[in-house]
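As a plain string of letters, each chain reads:
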Amino acid sequence: CVNGHKGVKLFDLKEILWLKRGHRQELIDELLKRNVSMIGVDFAGVRRGLEHTLTDQYCADHGVFIVENICNLGLLLKNEKAKKCIIHTYPVNFTGWSGLPCRVVAETDE
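Not measured: the values here are computed from a predicted model.

Caption draft 1: Expanded view of the overall build of the protein. Within the protein, the secondary structure is distributed over four helices and four strands. Taken from N to C terminus, the helices and strands of the protein fall in the order α-α-β-α-β-α-β-β. Residues classed as buried in the protein amount to 25% of the 110 residues present. Sequence-distant contacts, at least 24 apart, represent 54% of the contacts inside the protein between residues at least 6 apart.

And the structure:
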């Protein structure tokens, strides 16, 4: 799910697979058009190399932050294709780390 102060939008598996097949910039642009406030991924960045920092900044310029390396997303979905949830992020004060480390908490109806 994609969630934020600007509203909740669930994306189906086809859209997520599109991201994994290399059409990442097009999906990022589509997410920005849909006014998401955060993009969460279970891997290290939505782009590689020089494009990583540029894409992070591009999203930040649109008020959207990419939260990387989120684990246990499968536990959140519990074998469902999509699920409504509210995602909270809380910054943590770790020195010497790249990026902005944060704690991620999912709030569900359960």
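Picking up after the structure, the text goes on.
Caption draft 2: Seen up close, helix α3 (residues 50-61). When the terminal C-alpha atoms of α3 are compared, their 17 Å separation across twelve residues agrees well with the 16 Å that a helix rising 1.5 Å per residue should span. Within two residues after α3, G63 carries a phi angle of roughly 75°, on the positive side.

Caption draft 3: Quick look at the layout of surface pockets. The calculated volume of the largest pocket comes to roughly 1,000 Å³. Class assignment for the residues of the lining of the largest pocket results in 18 nonpolar, twelve polar and three charged.

Caption draft 4: Highlighting the pattern of salt bridges. Scanning the entire structure with this criterion turns up two salt bridges. Between R34 and E30 there is a salt bridge, with the nearest N and O atoms lying 2.9 Å from each other. Several salt bridges share partner residues, and in doing so they unite E30, K33 and R34 into one network.

Caption draft 5: Local environment of the confidence of the model for the protein. In the predicted model, the protein carries a mean pLDDT of 75, and the fraction of residues at 70 or more is 78%. Least confident of the elements in the protein is helix α1 (residues 13-20), whose mean pLDDT is 53; most confident is α3, at 88. Across residues 1-9 the pLDDT falls below 50, and counting only partners more than four positions away or on other chains, this stretch makes 25 contacts in the model.

Caption draft 6: Representation of the environment of A60. Relative to the assigned elements, A60 resides in helix α3. For A60, a relative accessible area of 25% corresponds to the partly exposed category. For the pair A60 and M38, spaced 22 residues apart in sequence, the C-alpha separation works out to 9.5 Å.

Caption draft 7: Here's a closer look at the environment of A44. Examined against the element boundaries, A44 turns out to sit in the loop between β1 (38-40) and α3. For the pair A44 and V67, spaced 23 residues apart in sequence, the C-alpha to C-alpha distance is 9.0 Å. The residues contacting A44, other than those within four sequence positions of it, are H52, E68 and N69.

Caption draft 8: Up close: unusual backbone geometry. Positive phi, normally seen in glycine, also occurs at N35, with a value near 60°. Locating N35 in the fold gives a position in the loop between α2 (24-33) and β1. The phi angle at N69 is positive, at roughly 60°, despite the residue not being glycine. Relative to the helices and strands, N69 resides in the loop between β2 (65-67) and α4 (73-77).

About the cut-offs
Residue positions are given per chain, counting from 1 as you read along its sequence in written order. In keeping with the model being predicted, local features are shown solely for residues with a pLDDT of at least 70 and side-chain atom pairs are shown and tallied solely at 80 or more, while totals for entire chains, interfaces and linings include all residues. As a rule here, side-chain values come from all non-hydrogen atoms in the structure, and water together with hydrogens is ignored. The way it works is that DSSP assigns letters per residue, a run of H or I at least four long becomes a helix, a run of E at least two long becomes a strand, and they are numbered from the N terminus. When accessible area is computed with a 1.4 Å probe and restricted to protein chains, residues below 20% of their type maximum are described as buried, those above 50% as exposed, and intermediate ones as partly exposed. Contacts: residue pairs with any heavy atoms within 4.5 Å of one another. By this rule, a helix spans an expected 1.5 Å times one less than how many residues it contains. Buried and open spaces are told apart on a 1 Å grid over the protein atoms alone, a cavity being a set of points where a 1.4 Å probe fits but cannot get out and a pocket being an open set with protein on both sides within 12 Å along at least five of seven lines. Residues with an atom within 4 Å of a point are the lining residues. Grid points are joined across faces, edges and corners, and a volume is the space filled by probe spheres set on the points. For this classification, Asp, Glu, Lys and Arg are treated as charged, while Ala, Val, Leu, Ile, Met, Phe, Trp, Tyr, Cys and Pro are nonpolar and the rest, including Gly, are polar. Counted as salt bridges are all cases of a side-chain nitrogen of Lys or Arg within 4 Å of a carboxyl oxygen of Asp or Glu. For every residue, the pLDDT score states the predictor's confidence, bounded by 0 at the bottom and 100 at the top.

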